[in-house]
Amino acid sequence: MPATIEQLVDLLDLEQLEEDLYRGTHPEGSTLTRVFGGQVAAQALMAASRSVPEERPVHSLHVYFLLGGDPSVPIVYDVERIRDGRSFSTRRVSARQHGKVIFYMTASFHRTEDGYEHQNAMPDVPPVDASPALSEVLGYVDERAAAHWRSEWAALDVRYVGDNREADDPARTLVPAIQRLWLRAGGELPDDPVLNACVLTYISDLTLLGSSLVPHGLTIGSPRIQPASLDHAMWFHRPVRADHWMLYDQTSPSAIGARGFTTANIFAEDGALVASVAQEGLIRPVKPRPQA
């Protein structure tokens, strides 16, 4: 994955092939066998945003991951202009590799206007400076997983706030899975609202599936599960700076049928609710192979 924030920005600078048709590349040197879902979603949002006036920022997106992406070949993004109304614009984006659609996104853009306001309060959590780096926490469990995190996700700064594992939270029966992180891009981003929304989209796919594994004492890299993002939705409530600290407050209401479901709120450090996220993913148990 991108080693620096500059490489992440380059990853989102799509090549235009013709009107509403773009090509996205992959970072060099990644050890991942499939394209990171957040990368495809972020590149698709960038492609869709290029067809919409800048005074209409994205307010929601809904995606399906249909096939695992191949990191050895580029991805082609085809933008379909579904509707342009007086206040809203709707776009659909298909991502293709090897002649097949691997991903669909529908995104809606809304002209900025005034209206009523309210929001949930940000939970009371330890500040950034009191929260250890996620790689440090992973190192207590598996140093190889920590080294992998440091090499693959160096463009991001992620701090571990905590979760509600049974030993630490007697009220866990009411909310079985909570996981909280402080996160941001690991460097300064340009003052571009579209780019910041795309970087937040990239980040948003990072830890949701892992949150659904908290009640089961597993991590996303465990050989005991087969994980994959299935669908993903985001709602952008307020302008965001993805290079400023944000609290990723994740809750998993349900896991069943080899699928884990997670919802999350994303708060700016000052408490403003900037986005909400929902995702369902595959967390299929892997049966141990019989001994020879």
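Everything here concerns the structure above.
Note that this is a predicted model, so its numbers are computed, not measured. (Residues numbered from 1 in each chain as written. Predicted model: local features only at pLDDT ≥ 70, side-chain atom pairs only at ≥ 80, totals over all residues. Heavy atoms only, no water.)

Turning our eyes to something else, we now look at the pattern of salt bridges. Tallied over the entire structure, the rule returns 14 salt bridges. Among the ionic pairs, Arg-81 bridges to Glu-19, the shortest N-O distance being 3.7 Å. Of the two residues, Arg-81 is situated in strand S4 (residues 75–84) and Glu-19 in the loop between strand S1 (15–18) and strand S2 (21–24); the sequence distance between them amounts to 62 residues. By relative accessible area, Arg-81 is classed as partly exposed at 41%. On the basis of relative accessible area, Glu-19 is assigned to the exposed category, the value being 61%. Taken together, the shared-partner salt bridges in this structure form one network comprising Glu-19, Asp-20 and Arg-81. (Salt bridge = Lys/Arg side-chain N within 4 Å of Asp/Glu carboxyl O. Helix = DSSP H or I, 4+ residues; strand = E, 2+ residues; numbered from the N terminus. Buried < 20%, exposed > 50% of the residue type's maximum accessible area, 1.4 Å probe, protein only.)

Our next topic: the sheet that holds strand S10 (residues 246–256). Strand order across the open sheet formed by twelve strands is S1-S2-S4-S5-S6-S3-S9-S12-S11-S10-S8-S7, with antiparallel pairing between neighbours. Bordering the open sheet on either side are S1 and strand S7 (156–163), each of which pairs with just one other strand. On average, each strand axis in the sheet is inclined to that of its neighbour by 25°, with strand direction left out of account. Summarising the sheet, S2 and S4 pair through four bridges and their orientation is antiparallel. (Pairing = 2+ DSSP bridges. Axes fitted to C-alpha atoms, helices over the stretch in contact; angles between N-to-C directions.)

Consecutive residues of a regular strand have side chains that alternate between opposite faces of the sheet. In terms of strand pairing, strand S3 (residues 58–65) meets strand S9 (residues 225–236) through five bridges, oriented antiparallel. Across the sheet, the residue bridging to His-62 is Ala-233, located in S9. Bridge count between S9 and strand S12 (residues 273–285): eleven bridges; the pairing is antiparallel. Its bridge partner lying in S12, Gln-226 is registered against Arg-284.

Membership of the largest hydrophobic core comes to 63 residues, with the highest contact counts inside it found for Leu-45, Tyr-77, Phe-103, Met-105, Val-199 and Tyr-202. When residues of this core are assigned to their parent elements, the largest contribution, eight residues, is made by helix H2 (residues 37–49). Beyond its immediate sequence surroundings of up to four residues, Tyr-77 is in contact with Asp-20, Leu-21, Tyr-22, Gly-24, Gln-39, Val-40, Gln-43, Ala-44, Ala-47, Val-93, Ser-94 and Ala-95. Val-125, Val-161, Trp-182 and Phe-267 belong to the second-largest nonpolar core, a separate cluster that totals eight residues. (Core = buried A, V, L, I, M, F, W, Y, C linked by side-chain atoms within 4.5 Å. Contact = heavy atoms within 4.5 Å.)

Right, let's get into unusual backbone geometry. One non-glycine residue with positive phi stands out, namely His-98, at about 55°. With respect to the helices and strands, His-98 occurs in the loop between strand S5 (88–97) and strand S6 (100–110). What makes His-98 exposed here is its relative accessible area of 59%. In this structure, Ala-258 takes a positive phi of about 70° despite not being glycine. Structurally, Ala-258 is set in the loop between S10 and strand S11 (259–268).

Tracing the chain through its elements places Asp-20 in the loop between S1 and S2. Under the relative-accessibility criterion, Asp-20 is labelled buried at 11%. Along the primary structure Asp-20 and Val-79 are separated by 59 residues, whereas in three dimensions their C-alpha atoms are 5.0 Å apart. Residues within four places of Asp-20 in sequence aside, it is in contact with Ser-51, Tyr-77, Asp-78, Val-79 and Arg-81. Among the polar contacts made by the side chain of Asp-20, one reaches the side chain of Arg-81 at a distance of 2.8 Å. (Polar contact = N/O pair within 3.5 Å; in protein donor to acceptor, adjacent residues only side chain to side chain.)

Moving on, we come to the packing of aromatic side chains. The tally for this structure, following the rule as stated, stands at two aromatic pairs. Taking 5.7 Å as the distance between ring centres and 55° as the angle between the ring planes, the aromatic pair formed by Phe-65 and Phe-103 counts as tilted. In this pair, Phe-65 sits in strand S3 while Phe-103 sits in strand S6, placing the two residues 38 residues apart along the sequence. Note on Phe-65: relative accessible area 15%, which makes it buried. With relative accessibility at 1%, the residue Phe-103 sits in the buried group. (Phe/Tyr/Trp six-rings, centres within 6.5 Å; stacked < 30°, edge-to-face > 60°.)

These values are about where atoms sit, not about what they do.
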